[in-house]
Amino acid sequence: MTEQQYNLRVAHLYGDLMNTYGDYGNIIALRYYAQQIGVDVTDQLVSLGDDFNADNFDFALFGGGQDYEQSIVAPDLQRIGNEVTRFIENDGPIIAVCGGYQLLGNYFIMADDTRVEGIGAMNIYTENQATSRFIGNVTIKNSETGEEYHGFENHQGRTYLSEQERPLGQVVVGNGNNGVDGSEGVIYRNVFGTYFHGPILTRNGNLALRMLELALIRKYPTVDWHSKLANVTPEFF
């Protein structure tokens, strides 16, 4: 009997525009760990004018970009917003970084005070800072798992969560979402949003394995992925 082949299909949302900080590295990290347990990872660019069918993908990456790129992406994202939201509401795992994180919310305010509408897949919003940015190394601790995650932040936006979401972690070092409430990032269903560059899954193998397990359990629920991944050592940079 031929051994079953496992695969994950990744949508790289607007990866030709929203990849300012090498966020594609998150897909590389996912593939690196998946290969160790015999899972193939393929990725497809979904950009301006492209269709997005929530049923065709098992994971999505939505990276970061500057205000100019976000202003180009935002109106096109509205076109596929319902399908992206359906993917999220069906527990599709997503890593959303910086600008991608902001665009999944209700709106964000650019540096020049222009309001840009998101798709409202999460009930978050992002205000601006008139004369400052949050820049520097960040360490956070996830209150559910006790894991620490490390990264680098560089953002002008100040993001606020609602009661429907919880933070990815509490700030140990750095500013996080808004520099006020001690939160960094967001978890909503299987969406993990963050301001961490680095990229986050490359620098934090523990989170990469967590995201990989979520995707695999969703697609292949009868397989004991937890046991398989227990033999994989997370790496940190």
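Fair warning: this is a prediction, and the values are worked out from it, not measured in the lab. (Residues numbered from 1 in each chain as written. Predicted model: local features only at pLDDT ≥ 70, side-chain atom pairs only at ≥ 80, totals over all residues. Heavy atoms only, no water.)

Participant: Hey, could you go over the environment of Ala11 for me, with residue numbers and the actual values?
Facilitator: Within the element layout of this structure, Ala11 appears in strand S1 (residues 6-13). The exposure class assigned to Ala11 is buried, which follows from its relative accessible area of 0%. For the pair Ala11 and Ile95, spaced 84 residues apart in sequence, the C-alpha to C-alpha distance is 11 Å. (Helix = DSSP H or I, 4+ residues; strand = E, 2+ residues; numbered from the N terminus. Buried < 20%, exposed > 50% of the residue type's maximum accessible area, 1.4 Å probe, protein only.)

Participant: A description of the UniProt feature "binding site: substrate" (unreviewed entry) in the protein chain should follow, citing residues and the corresponding values.
Facilitator: Under the local residue numbering, the UniProt record ascribes the feature "binding site: substrate" (unreviewed entry) to Arg133. Arg133 has contacts with Asn154, His155 and Gln156, leaving out every residue within four places of it along the chain. Here Asn154 takes part through its side chain, which lies 2.9 Å from a polar atom of the side chain of Arg133. (UniProt positions renumbered as here; feature names shortened; annotations may be inferred. Contact = heavy atoms within 4.5 Å. Polar contact = N/O pair within 3.5 Å; in protein donor to acceptor, adjacent residues only side chain to side chain.)

Participant: Run through unusual backbone geometry, naming residues and quoting values.
Facilitator: A cis amide bond links Gly198 to the next residue, Pro199, at an omega of -10 degrees. Topologically, Pro199 is positioned in the loop between strand S14 (191-194) and helix H4 (200-203). Despite not being glycine, Tyr14 shows a phi value in the positive range, around 55 degrees. Its place among the elements puts Tyr14 in the loop between S1 and helix H1 (25-35).

Participant: Describe the pattern of salt bridges, with residues and values.
Facilitator: The full count for this structure, using the stated rule, is 11 salt bridges. A salt bridge links Arg79 to Asp76; its shortest N-O distance comes to 2.9 Å. Placement of both Arg79 and Asp76 in helix H2 (residues 67-89) is noted, with a separation of 3 residues, approximately one turn of the helix. Taking relative accessible area as the criterion, Arg79 reaches 39% and is therefore assigned partly exposed. Of the charged contacts in the structure, one is a salt bridge between Arg189 and Glu89, with a shortest N-O distance of 3.6 Å. Here the residue Arg189 occupies a position in the loop between strand S13 (186-188) and S14, and Glu89 occupies one in helix H2, the gap between them amounting to 100 residues. (Salt bridge = Lys/Arg side-chain N within 4 Å of Asp/Glu carboxyl O.)

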